[in-house]
Amino acid sequence: MARRRRDPVEANADPSEDLYEIADWEPRSVLDRFAHWLYYVSLRAIRWLTVLLAILILGLQILFGSLGAIGDQPVVAGMALLSAVPALALAAYIWYADVTTQEPLTLLVGTFLLGVLFAGFAGFLNVFIGVPVQAIGSGFGLFPPAGQFFFFFLVVGPVEESVKLLAVRLYAFRDDRFDAVIDGAVYGAAAGLGFATIENALYISQNTEIVGGTFRAIGESSGITAIRALAGPGHVIYSAFAGYYLGLAKFNPREAGPIVLKGLLIASIIHAMYNTLASPVTFIISEVYNVDYLVAFFGFVVVYDSVFGFVLVRKLRAYRQAYSRAHETDDGPQYRAEETEFES
């Protein structure tokens, strides 16, 4: 835990001396209390406005966008839920890897729902920022691959990982039950699962043409469902990395900013590399080995996610081992969370 820095007057003064507004402060006057109240009310208002805006965006997508098909066509809804199963399994494993305390269902569900809601922010920003970035990066159409590269690394990766981390920071992070570094990975995975679920639903509903009844719908949606099911676990891995470093920042408040930024950089780069490599590598595998595109994509995803999933598992395992060493006593395992000052 970081110790609070003290002014030289406060550090050397008589403990009984009143240093109000000299080297110390507490809300005493009417203006003090008003400023204190206004600050915390403003923080709460910003948080609630953020959530309400996300709800509004999701509502518009349902009413006027492709998400409306989910309510009208049960097949599409079923395919969307099915596509989230691999991501759910991975998130469940990360939850199981938390050796400290069992995370409460309210925080997990709340983080999942915020991950669903905040996906709308990513969709908006990817278009608003992404179009000019792609145009500039490609030299206004002279070299399109460069535009895609800049789009993935400067927009999609940073934007999507930031909104998923915001889903953790806005709710679970502020709760006292977020009481260990590894909790960040658990809640990051929950946010990634929520994000992947709604993103899968969007892709499936946008790419499924409901014509001629249920069997036609299944045929149209099965391919995109399989692809999205393979893509979903990646979101869990990326945001689990970012969440882990958010947890590390909570218990190292003096270096919180750089720690959080490191986690975002790791998650964003892994995410952007996936988006950049997926199509060309899959095409090469398909052509070289003369296999179906979906089979080649499956091979690419399994290898890619396995590499970074292994790195994540090693990080979680290192925490588990350190926890076991630190809390083994003659009377059995002991656990106590330290209070920190990283709050805003």
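Since the model is a prediction, treat every value here as computed from it, not as a measurement.

**Notes on the overall build of the protein chain**
Next, step 1: In terms of regular secondary structure, the protein chain is built from 11 helices and 0 strands.
Next, step 2: Along the protein chain, from the amino end to the carboxyl end, the secondary structure elements read α-α-α-α-α-α-α-α-α-α-α.

**Here we look at the nonpolar core**
Next, step 1: Among the nonpolar cores identified, the biggest contains 72 residues, and Ile94, Phe118, Tyr274 and Leu316 are the most heavily contacted of them.
Next, step 2: With residues up to four places along the chain from it excluded, the contact list for Tyr274 reads Ala231, Tyr238, Phe297, Phe300, Val301 and Tyr304.

**What to know about the packing of helix α5 (residues 85-97) against helix α8 (residues 181-206)**
Next, step 1: Two elements in contact, α5 and α8, have axes separated by 9 Å at closest approach and are oriented at 165°. Classified by the angle between their axes, α5 and α8 sit roughly antiparallel to one another. Crossing of α5 over α8 shows left-handed handedness. In this structure, α5 contributes Ala87, Leu88, Ala91, Ile94, Trp95 and Ala97 to the contact, and α8 contributes Ile182, Ala185, Val186, Ala189 and Leu193.

**Let's talk about helix α7 (residues 144-169)**
Count 3.6 residues to each turn of an α-helix, and residues three or four apart come out pointing the same way.
Next, step 1: Compared with an ideal rise of 1.5 Å per residue, which puts 26 residues at 38 Å, α7 spans 36 Å between its outermost C-alpha atoms and is within 8% of the ideal.
Next, step 2: By the largest-angle criterion, Phe152 marks the main kink of α7, which is about 40°.

**Considering the pattern of salt bridges**
Next, step 1: Under the counting rule described, the total for this entry stands at 4 salt bridges.
Next, step 2: Between Asp18 and Arg28 there is a salt bridge whose closest N-O contact spans 3.0 Å. One end of the pair, Asp18, is in the loop between α1 (8-12) and α2 (30-64); the other, Arg28, is in the loop between α1 and α2, and 10 residues separate them in sequence.
Next, step 3: On the basis of relative accessible area, Asp18 is assigned to the partly exposed category, the value being 46%.
Next, step 4: Arg28 gets classed as partly exposed once you look at its relative accessible area, which sits at 36%.
Next, step 5: Two residues, Lys164 and Glu161, come together in a salt bridge whose shortest N-O distance is 2.9 Å. Here Lys164 pairs with Glu161, and both are found in helix α7, just 3 residues apart, close to one helical turn. Pair check on accessibility: Lys164 and Glu161 agree, each one buried.

**A short note on the side chain of Asp305**
Next, step 1: Position of Asp305 among the secondary structure elements: in helix α11 (residues 293-327).
Next, step 2: What makes Asp305 buried here is its relative accessible area of 11%.
Next, step 3: Once you skip the residues sitting within four places of it in the chain, Asp305 turns out to touch Leu230, Pro233, Gly234, Ile237 and Phe310.

**Topic: the packing of α7 against α8**
A packed helix pair is summarised by two numbers, namely the angle formed by the two axes and the spacing between the axes.
Next, step 1: Put simply, α7 and α8 touch, their axes get as near as 9 Å, and they point 125° apart. With respect to α8, the element α7 is oriented oblique. Crossing of α7 against α8: the hand is right-handed. In this structure, α7 uses Glu160, Val163, Lys164, Ala167 and Val168 to contact α8, whose residues at the interface are Tyr187, Gly188, Ala191, Gly192, Phe195 and Glu199.

**Some thoughts on a nonpolar patch on the surface**
Next, step 1: Where nonpolar side chains cluster on the molecular surface, the patch consists of Phe283, Ile284, Val288, Tyr289, Val291, Tyr293 and Val295 and spans about 720 Å² of accessible area.
Next, step 2: Where the nonpolar patch is concerned, the elements lending two or more residues are α10 (256-289) and α11.
Next, step 3: If you tally residues by element for the nonpolar patch, the top one is α10, at 4 residues.
Next, step 4: Structurally, the position occupied by Tyr293 is in helix α11.
Next, step 5: On the accessibility criterion, Tyr293 (39% relative accessible area) is partly exposed.

**Some remarks on the confidence of the model for the protein chain**
Next, step 1: Taken as a whole, the protein chain shows an average pLDDT of 85; of its residues, 84% reach a score of 70 or greater.
Next, step 2: In the model of the protein chain, helix α3 (residues 68-72) stands out as the element of lowest mean pLDDT, 61, in contrast to α10, which has the highest, 95.
Next, step 3: Long-range and interchain partners of residues 332-343, a stretch whose pLDDT sits below 50, account for 29 contacts in this model, where long-range means more than four residues apart.

**Digging into the packing of aromatic side chains**
Next, step 1: For the coordinates displayed, the defined rule picks out 14 aromatic pairs.
Next, step 2: Each ring, one from Tyr244 and one from Tyr245, has its centre 5.9 Å from the other, and the planes form 80°; the classification is edge-to-face. Comparing Tyr244 with Tyr245 shows no difference in burial state: the two are buried.
Next, step 3: In this structure an aromatic cluster arises from ring pairing among Tyr274, Phe300, Tyr304 and Phe308.
Next, step 4: Between Lys164 and the ring centre of Phe195, over which it is positioned, the NZ or CZ distance is 5.5 Å.
Next, step 5: The ring centre of Phe173 lies 5.0 Å from the NZ or CZ of Lys250, which sits over that ring.

**Here's the deal with the environment of Gly115**
Next, step 1: Assignment of secondary structure puts Gly115 in helix α6 (residues 105-137).
Next, step 2: Accessibility expressed as a relative area gives 1% for Gly115, which makes it buried.
Next, step 3: Distance from Gly115 to Val168, taken between C-alpha atoms, is 8.2 Å for residues 53 residues apart in sequence.

**Brief notes about unusual backbone geometry**
Next, step 1: Positive phi outside glycine occurs at Glu21, with the angle close to 60°.
Next, step 2: Inspection of the secondary structure puts Glu21 in the loop between α1 and α2.
Next, step 3: Judged by relative accessible area, Glu21 falls into the exposed class, the value being 52%.
Next, step 4: A positive phi angle is found at Asn290, which is not glycine, with a value near 55°.
Next, step 5: Along the polypeptide, Asn290 turns up in the loop between α10 and α11.
Next, step 6: The exposure class of Asn290 is exposed, given its relative accessible area of 70%.

Rules and cut-offs
Residues numbered from 1 in each chain as written. Predicted model: local features only at pLDDT ≥ 70, side-chain atom pairs only at ≥ 80, totals over all residues. Heavy atoms only, no water. Helix = DSSP H or I, 4+ residues; strand = E, 2+ residues; numbered from the N terminus. Core = buried A, V, L, I, M, F, W, Y, C linked by side-chain atoms within 4.5 Å. Buried < 20%, exposed > 50% of the residue type's maximum accessible area, 1.4 Å probe, protein only. Contact = heavy atoms within 4.5 Å. Axes fitted to C-alpha atoms, helices over the stretch in contact; angles between N-to-C directions. Parallel < 35°, antiparallel > 145°, perpendicular 65-115°, else oblique. Left-handed = near helix turned anticlockwise from the far one by under 90°. Expected span 1.5 Å × (residues − 1). Bend = angle between axes of the 7 residues up to and from the residue. Salt bridge = Lys/Arg side-chain N within 4 Å of Asp/Glu carboxyl O. Patch = residues over 30% accessible without salt bridge, like charges linked within 9 Å, V, L, I, M, F, W, Y side chains within 5 Å. Areas by Shrake-Rupley, 256 points an atom, 1.4 Å probe, with all protein chains shown as cover. pLDDT = per-residue confidence, 0-100. Phe/Tyr/Trp six-rings, centres within 6.5 Å; stacked < 30°, edge-to-face > 60°. Lys NZ or Arg CZ within 6 Å of the ring centre and 35° of its normal.

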